[in-house]
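What follows is the residue order along each chain.
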Amino acid sequence: MSEYTKPLPEPTTLTQPFWDGVKQHKLLAQKCASCGKLRHTPKPLCPNCLSQEFTWANLSGQGQVYSYTVMHRSPATSFDGDLPYVVALVELKEGVRMISNLVGCTPQQVRIGMSVKVVYEDVTKEASIFKFAPA
Ligand code: ZN
């Protein structure tokens, strides 16, 4: 594995289960134990009913591009080799939205509403990240 120079996840107490899931190639979202609503990003209480009780639900990883942007300037030199690349807001089948890179297609091929699926990259021995690719 070559050296990974891009930023790595920095889990907090609240986000650790999410990143542990990614490490196991599972996409998780908090599920309110009171009203059942899914949410992402992880929050200490439900924005719908304010309950602090929740479980973690395993998502399908399937969704559609809700919106996206094409990066032509990188936020850090470690991304220079990827330019231009796509950052997408994906609406998962279960209703929550997540942001990550869309890989496996050119920026010209991306369309709002296109079907995508989660993919995982084990970028270091300790850390994995998730991205999306055409389904
Ligand atoms: Zn709730």
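Higher on the page you've got the structure.
Residues numbered from 1 in each chain as written. Predicted model: local features only at pLDDT ≥ 70, side-chain atom pairs only at ≥ 80, totals over all residues. Heavy atoms only, no water.

Draft legend 1. View of the packing of aromatic side chains. A complete count under the given rule lists six aromatic pairs for this structure. A centroid spacing of 5.1 Å and a plane angle of 85 degrees characterise the contact between F18 and W19, whose relative ring orientation is edge-to-face. By relative accessible area, F18 is classed as buried at 2%. Aromatic rings pair up to connect F18, W19, F130 and F132 into one cluster. Positioned above the aromatic ring of Y66 is the side chain of R97, whose terminal nitrogen or guanidinium carbon lies 3.5 Å from the ring centre. (Phe/Tyr/Trp six-rings, centres within 6.5 Å; stacked < 30°, edge-to-face > 60°. Buried < 20%, exposed > 50% of the residue type's maximum accessible area, 1.4 Å probe, protein only. Lys NZ or Arg CZ within 6 Å of the ring centre and 35° of its normal.)

Draft legend 2. Structural detail: the coordination of the zinc ion. The protein atoms that coordinate the zinc ion are C32 (SG), C35 (SG), C46 (SG) and C49 (SG), at distances spanning 2.3 to 2.4 Å. What the four donor atoms of the zinc ion show is an angle range of 101 to 117 degrees at the metal, which sorts the shape as tetrahedral. Donor residues for the zinc ion sit on one chain with the sequence pattern C-x2-C-x10-C-x2-C. On the criterion of sequence distance, the pair formed by C32 in strand β1 (residues 28-32) and C49 in the loop between β2 (38-39) and β3 (54-58) is long-range, its members being 17 residues apart. (Donors = N, O, S within 2.8 Å, 3.2 Å for Na, K, Ca; no water. Tetrahedral: all angles 85-135°; square planar, octahedral: opposite > 155°, others 65-115°. Helix = DSSP H or I, 4+ residues; strand = E, 2+ residues; numbered from the N terminus.)

Draft legend 3. Here's a closer look at the nonpolar core. By size, the foremost hydrophobic cluster in this structure holds 20 residues, and its most contacted members are L27, L92, M98, L102, F130 and F132. For this core, the elements supplying multiple residues, two or more each, are α1 (16-23), β5 (85-92), β6 (97-102), β7 (115-122) and β8 (128-134). Counting residues per element, this core draws most heavily on β5, which supplies four residues. When neighbours within four sequence positions are excluded, L27 is seen to be in contact with F18, A57, N58, L59, G61, L92, M98, V118, Y120 and F130. (Core = buried A, V, L, I, M, F, W, Y, C linked by side-chain atoms within 4.5 Å. Contact = heavy atoms within 4.5 Å.)

Draft legend 4. Up close: unusual backbone geometry. With an omega dihedral of 10 degrees, the bond running from H40 to T41 counts as a cis peptide bond. Secondary-structure assignment places T41 in the loop between β2 and β3. L83 connects to P84 through a cis peptide bond whose omega is -15 degrees. Turning to its location among the elements, P84 is positioned in the loop between β4 (62-71) and β5. With phi around 60 degrees, H25 is a residue other than glycine that occupies positive phi space. Mapping H25 onto the fold places it in the loop between α1 and β1. The class for H25 is partly exposed, based on a relative accessible area of 37%. Its identity is not glycine, yet L50 carries a phi of approximately 70 degrees, on the positive side. Following the sequence through the fold, L50 ends up in the loop between β2 and β3.

From the geometry alone we can't say anything about function, so treat these as descriptive.
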